[in-house]
Amino acid sequence: MFDWMVWTTPVAVFFTCIGLMLVGMTAWELKSPTTTRRGWLPMETTRGDRLFIGLLTAAYLNLVFIGLAGKFQEWLSLEAEPSIWISFVLSMGVLLLILRKG
């Protein structure tokens, strides 16, 4: 069923984190309903809005990193392409920043 996707460890960890975030945010929303607030994003958002924006940003950041990995290898004179774990850590950091300050 899932043969079309390359399930490497980083991909599995990324999707597991997304699933756990969705479950955690749902429980948090049921326990304490959210209100809108304005952070540095140019609109009022709820926790769910910030999660959605953060997940999209994390996904695009990972795609850009994968697309540019060969260039990074060339530009930085590396022997191999940089690890996908770098983009995972960066994307989770950006996601947490958006959730917290967005």
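Residues numbered from 1 in each chain as written. Predicted model: local features only at pLDDT ≥ 70, side-chain atom pairs only at ≥ 80, totals over all residues. Heavy atoms only, no water.

Caption draft 1: Main features of the side chain of Asn62. Locating Asn62 in the fold gives a position in helix α2 (residues 47-75). Overall, Asn62 belongs to the buried group, its relative accessible area being 11%. Dropping the residues within four chain positions of it, Asn62 is found in contact with Phe14, Ser87, Phe88 and Ser91. (Helix = DSSP H or I, 4+ residues; strand = E, 2+ residues; numbered from the N terminus. Buried < 20%, exposed > 50% of the residue type's maximum accessible area, 1.4 Å probe, protein only. Contact = heavy atoms within 4.5 Å.)

Caption draft 2: Molecular detail of the packing of aromatic side chains. In total, this model carries three aromatic pairs according to the counting rule given. Measuring from centroid to centroid gives 5.9 Å for Phe72 and Trp75, while their planes differ by 65°, and the two rings are edge-to-face. Remark: Trp75 and Phe72 occur in helix α2; sequence separation between them is three residues, near one turn of the helix. Note on Trp75: relative accessible area 54%, which makes it exposed. (Phe/Tyr/Trp six-rings, centres within 6.5 Å; stacked < 30°, edge-to-face > 60°.)

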